[in-house]
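Residues per chain are reported as follows:
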Amino acid sequence: MSLHEVAKKYAVAVSPAIRALIDPADPADPIARQFLPDIAELTVTADELTDPIADDAHSPVKGIVHRHPDRVLLKAVSSCPVYCRFCFRRETVGPGKANLLSPTDLADALAYIQSRPEIWEVILTGGDPFILSPRRIAQITQALAETGHVKVVRWHTRVPVVEPEGVTDELAAALIAPGIASWVALHANHPRELTGAARAAVARLAQAGVALVSQTVLLKGVNDNAETLIALMRGFVEAGIKPYYLHHPDLARGTSHFRLGIEEGLALTRELRARMSGLAQPTYVLDLPGGFGKVVLDSANVEKTDAGHRIRDFKGVWHAYPPTSA
């Protein structure tokens with residue numbers, strides 16, 4: 001087994017900003033662990049899945065995932081400036097994949113949204129939608145605003161951290177349109193990612209009128225201790241970003257070396273509550289395998305069992321975790 005085999009199987013890209021953060025003298029560097037390929041990725045456990053949160057099963061038209069009644073995902077692009085080694089969409093992103101919705105597919109996706117007045121929020125994801133040109137971003141923003149019933153547009157991105165120079169004033173302005181609230185969910189997992197350049201990129205978004213929240217994946221060897229998480233969450237708040245989700249890692253193939261147990265995650269979140277301002281608290285969630293939606297893990301919807309846990313989805317149905325059919 002070799003790193004070449006890993007790179008053939010899963011996309012690899014490291015931006016100059018991230019390369020500058022990696023400490024080559026530290027074999028356990030938490031930045032390197034997130035972005036540099038590892039032979040451990042070739043180990044696939046029995047409970048891991050190609051599509052761990054069942055995007056495909058909830059995709060009525062190309063580019064749309066409609067799992068919850070009032071919101072949809074719009075996957076306009078399947079490329080990223082960097083590729084996280086724990087990505088739950090690692091099977092569908094990167095070179096050689098269908099990396100951009102065609103004009104026809106995008107029109108069909110927007111028509112789907114337009115035809116369903118129950119859709120209140122559209123979440124742009126992918127891939128990283130911030131790799132689109134400001135012109136394309138503005139076109140999507142305007143089209144969503146013109147539906148009349150979409151009131152919130154949320155963009156999920158890593159670009160302000162991994163390629164901060166890409167967040168231009170023109171891009172920030174492209175996110176704004178009358179009639180909608182524009183939000184950006186910034187993905188960062190370690191406080192070292194919140195560099196001066198990243199904070200300046202975030203400030204450009206805020207100055208344009210964009211609201212910001214964070215999302216973080218709880219990762220073994222990256223941020224699985226209270227001190228790191230506290231520094232990260234406080235860093236978000238200091239930059240004007242409200243901590244939003246702390247994700248339990250998904251059952252993506254070749255990612256078992258990143259996962260820790262739910263009980264370990266719950267212990268960490270209890271420590272965060274004891275030591276941090278309420279303003280800095282993220283919500284610890286799991287995307288249930290099979291496409292059954294997100295569940296707050298520190299809640300009555302989670303019960304410990306001999307085999308792991310049973311978890312209740314938003315429809316009130318209980319599921320074994322890890323799934324027994326995996």
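Attention in this report is confined to the structure presented alongside it. Everything quoted here is computed from the prediction, not taken from an experiment. (Residues numbered from 1 in each chain as written. Predicted model: local features only at pLDDT ≥ 70, side-chain atom pairs only at ≥ 80, totals over all residues. Heavy atoms only, no water.)

## Examining the overall build of the protein
So, point 1. Helix and strand counts for the protein come out as 10 helices and 12 strands.
So, point 2. Over its C-alpha atoms the protein spans a radius of gyration of 19 Å, differing by no more than 12% from the 20 Å that the globule rule assigns to 326 residues.
So, point 3. Along the three orthogonal principal directions, the C-alpha set of the protein runs to about 50 × 45 × 45 Å.
So, point 4. Sequence-distant contacts, at least 24 apart, represent 76% of the contacts inside the protein between residues at least 6 apart.
So, point 5. A total of about 13700 Å² of accessible surface is found on the protein, and carbon and sulfur atoms cover 55% of it.
So, point 6. For the protein, the centre of its 34 positive side-chain charges and the centre of its 36 negative side-chain charges are spaced 2 Å apart. (Helix = DSSP H or I, 4+ residues; strand = E, 2+ residues; numbered from the N terminus. Rg over C-alpha atoms; globule rule 2.2 N^0.38 Å. Contact = heavy atoms within 4.5 Å. Areas by Shrake-Rupley, 256 points an atom, 1.4 Å probe, with all protein chains shown as cover. Lys, Arg positive; Asp, Glu negative; His and termini not counted. Charge placed at Lys NZ, Arg CZ, Asp CG, Glu CD.)

## A closer look at the sheet that holds strand E11 (residues 308-312)
So, point 1. Strand order across the open sheet formed by three strands is E10-E11-E12, with antiparallel pairing between neighbours. On the outer flanks of this sheet lie strand E10 (302-305) and strand E12 (318-321), each paired with one strand and no other. Ignoring which end each strand starts from, the neighbouring axes of this sheet average 25° apart.
So, point 2. Two elements, E11 and E12, share four bridges in a ladder whose sense is antiparallel. Looking at E12, one finds that Ile311 is bridged to His319. (Pairing = 2+ DSSP bridges. Axes fitted to C-alpha atoms, helices over the stretch in contact; angles between N-to-C directions.)

## Regarding the packing of helix H9 (residues 226-238) against helix H10 (residues 262-275)
So, point 1. Across the interface, H9 lies against H10 with an axial gap of 10 Å and an inter-helix angle of 55°. As summarised for this structure, H9 and H10 are arranged oblique, according to the angle between their axes. Helix-helix and strand crossings are classified by hand; for H9 and H10 the assignment is right-handed. Residues Ala226, Glu227, Leu229, Ile230 and Arg234 of H9 form the contact with H10, whose own contacting residues are Leu268, Glu271, Leu272 and Arg275.
So, point 2. When the residues that make up the contact of H9 with H10 are grouped by side-chain class, the tally is five nonpolar, no polar and four charged. (Parallel < 35°, antiparallel > 145°, perpendicular 65-115°, else oblique. Left-handed = near helix turned anticlockwise from the far one by under 90°. Nonpolar A, V, L, I, M, F, W, Y, C, P; charged D, E, K, R; others polar.)

## Quick notes on H10
So, point 1. Taking 1.5 Å of rise per residue, 14 residues should cover 20 Å, and H10 covers 20 Å from first to last C-alpha, within 8% of that figure.
So, point 2. The set of residues buried in H10 consists of Ile262, Gly265, Leu266, Leu268, Thr269 and Leu272. Burial along H10 is one-sided: seen end-on, the buried residues are contained in an arc of 160°.
So, point 3. Buried residues belonging to H10 abut H9, strand E7 (242-247), strand E8 (283-287), E11 and E12. (Expected span 1.5 Å × (residues − 1). Buried < 20%, exposed > 50% of the residue type's maximum accessible area, 1.4 Å probe, protein only. Arc of directions from axis to C-beta.)

## A short note on the sheet that holds strand E3 (residues 121-125)
So, point 1. Spatially, E1-E2-E3-E4-E5-E6-E7-E8-E9 is the arrangement adopted by the nine strands of the open sheet, whose pairing is mixed. Two strands lie at the open edges of the sheet, namely strand E1 (64-68) and strand E9 (294-296), each paired on one side alone. For this sheet, the mean angle separating the axes of adjacent strands, direction not counted, is 25°.
So, point 2. Judged from the six bridges that link them, strand E4 (residues 152-157) and strand E5 (residues 181-187) form a sheet pairing that is parallel. Residue Trp155 lies in a different strand from E5, and its bridge partner there is Val184.

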